[in-house]
Amino acid sequence: MYPAHSAEVLPPDQALHLCRGQRFEAQKDGKYGFVAPPPRGLQTLAQDVDAVKATGVTARAFSVTSQTYVEVRGLEVPSPPWSSTHANILIAAPATYPNGGLDAFYLEQTITQGGTVPYQQSVVTIDGRTWGLISWHYADGRAWNPSKDDLASHVAHCRGFFLKRGLR
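Right, let's walk through the structure included here. None of these values were measured; they are calculated from a predicted model.

### Observations concerning the overall build of the chain
Piece 1. Of regular secondary structure, the chain possesses two helices and eight strands.
Piece 2. Starting at the N terminus and ending at the C terminus, the chain contains elements arranged as β-β-α-β-β-β-β-β-β-α.
Piece 3. Here the chain holds 168 residues, and 39% of them are scored as buried.
Piece 4. Within the chain, residue pairs in contact and separated by at least 24 positions form 55% of the contacts whose partners lie at least 6 positions apart.

Following this line, the structure appears as structure tokens:
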């Protein structure tokens, strides 16, 4: 468990002295800050985009040539160390979604961490904007599982990148 928007893990099995208004986030086995929904596996990408939007997140699916992407706008990130309090990410979705799982993401090139972006592999132009491919993958032994994972869990996984969760 973490204090909200923090990378510092709270000590396990120790009493917490709580104050009114404190907020916390949980991390579950390779899922960065997300409580998994009931088993999935037959949903469409459009259904998952609608489900994410229903939680108040700004998301849209679009296609460029034969590749479908989901753009998530205004993802809350810690500043500092990031140059802004919000980021836009782009997730490439395979045609076989959800069986063909989600992996990594693109970060719009409007935000940096000290002038650079950790784990950035390459820079591409998609839908008229510049995006950096972020090499942020699921932990070994915890691959994408279509009966448990969905777009919302992947967005939470991507958010772990900004909070430096899963990096020890």
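### Quick look at the packing of aromatic side chains
Piece 1. Evaluated as defined, the whole model comprises twelve aromatic pairs.
Piece 2. Here phenylalanine 105 and phenylalanine 162 contribute two aromatic rings whose centre-to-centre distance is 6.1 Å and whose plane-to-plane angle is 45°, an arrangement assigned as tilted. Of the two residues, phenylalanine 105 sits in strand 6 (residues 105-108) while phenylalanine 162 sits in helix 2 (residues 151-162), which places them 57 residues apart along the sequence.
Piece 3. Among the residues examined, phenylalanine 162 registers a relative accessible area of 1% and is labelled buried.
Piece 4. Ring centres of tyrosine 138 and tryptophan 144 lie 6.4 Å apart, and the angle between their planes is 70°; this geometry places the pair in the edge-to-face category. Tryptophan 144 carries the same exposure label as tyrosine 138, and that label is buried.
Piece 5. Taken together, the ring pairs connect Trp82, Phe105, Tyr119, Trp136, Phe161 and Phe162 into an aromatic cluster.

Each value, and the rule that gives it
One numbering rule holds for all chains: residues counted from 1, following each sequence as written. Only residues with pLDDT of 70 or above have their local features reported here, since the model is predicted, and side-chain atom pairs are shown and tallied only from 80 upward, although totals for entire chains, interfaces and linings are computed over all residues. Here the side-chain values reflect all heavy atoms present in the structure, with hydrogen atoms and water set aside. By definition, any uninterrupted DSSP run of H or I lasting at least four residues is a helix, any uninterrupted run of E lasting at least two residues is a strand, and each is numbered from the N terminus. Exposure is judged per residue with a 1.4 Å probe applied to protein chains only, and the accessible area is read against the type maximum: over 50% gives exposed, under 20% gives buried, and values in between give partly exposed. Residues count as neighbours in contact if any of their non-hydrogen atoms are within 4.5 Å of one another. Pairs were defined over the aromatic rings of Phe, Tyr and Trp, the Trp ring being its six-membered one, requiring ring centres within 6.5 Å. Orientation was assigned from the angle between planes: stacked under 30 degrees, edge-to-face over 60, tilted for the rest.

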